[in-house]
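Descriptive structure summary
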Amino acid sequence: MERDEAGLRKALDTLDGLQDAYKRVQMQDKGKKFNTELVEAIELGFLLDCAEATIHGALARQESRGAHYRTDYQKRDDENWLKHTLAYKGTKTHDVRLDYKPVELIDDPIFKPKERKY
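This section reports on the structure supplied with the text. (Residues numbered from 1 in each chain as written. Predicted model: local features only at pLDDT ≥ 70, side-chain atom pairs only at ≥ 80, totals over all residues. Heavy atoms only, no water.)

Here the focus is the layout of surface pockets. Approximately 250 Å³ is the volume attributed to the second largest pocket. Residue lining of the second largest pocket: 15 residues in total, with Arg61, Arg65, His68, Lys83 and Thr85 positioned closest to the centre. Contributions of two or more residues to the lining of the second largest pocket are made by helix 2 (36–60) and strand 3 (83–89). Looking at the lining of the second largest pocket, its residues break down into 6 nonpolar, 5 polar and 4 charged. (1 Å grid on protein atoms, 1.4 Å probe; cavity = no way out; pocket = protein on both sides within 12 Å on 5 of 7 lines; lining within 4 Å. Points joined across faces, edges and corners; volume = space filled by probe spheres on them. Helix = DSSP H or I, 4+ residues; strand = E, 2+ residues; numbered from the N terminus. Nonpolar A, V, L, I, M, F, W, Y, C, P; charged D, E, K, R; others polar.)

This is the structure in structure tokens:
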């Protein structure tokens, strides 16, 4: 999937609606054992959290790399972006703090970091 800032911002707006709807989720199964409906509801909340972290990380990363292809930043930028993105969720809507961890390269890697050609 191709990304750009406008599409990512639209995804964030869509996510707002999904997160609001999730706050009002109701379940029919009130059982305490093997309640798959409860498990699915909890998993949905986790998926919404993951989507939020993914969108914020994608907005911050102003380059294209592998599956993270942006039409507004088409080049790979190892000088600024050869690092892992870490996301931490706050207590408010879209309160996501991003941090970064450098990629640790071994002396003679089998796969050296380079731009992929398709």
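Having seen the structure, we can now continue with the description.
What follows deals with helix 1 (residues 5–23). Its 19 residues place the ends of helix 1 27 Å apart at the C-alpha level, agreeing with the 27 Å of an ideal helix rising 1.5 Å per residue. Along helix 1, the positions that sit buried rather than exposed are Leu8, Leu12, Leu15 and Gln19. Angularly, the buried residues of helix 1 cover 60° about the axis, an arc narrow enough to put them on a single face. Opposite its buried face, helix 1 presents the exposed residues Ala6, Lys10 and Asp13, each directed more than 90 degrees away. On the buried face of helix 1, the contacting elements are strand 1 (2–3), helix 2 and strand 2 (69–70). (Expected span 1.5 Å × (residues − 1). Buried < 20%, exposed > 50% of the residue type's maximum accessible area, 1.4 Å probe, protein only. Arc of directions from axis to C-beta. Contact = heavy atoms within 4.5 Å.)

Moving on, we get to the pairing of strand 4 (residues 96–102). The pairing of strand 3 with strand 4 spans 7 bridges and is antiparallel. Across the sheet, the residue bridging to Lys89 is Val96, located in strand 4. With antiparallel pairing between neighbouring strands as the criterion, strand 3 and strand 4 make up a hairpin whose turn holds 6 residues, including His94 at a positive phi of roughly 60°. (Pairing = 2+ DSSP bridges.)

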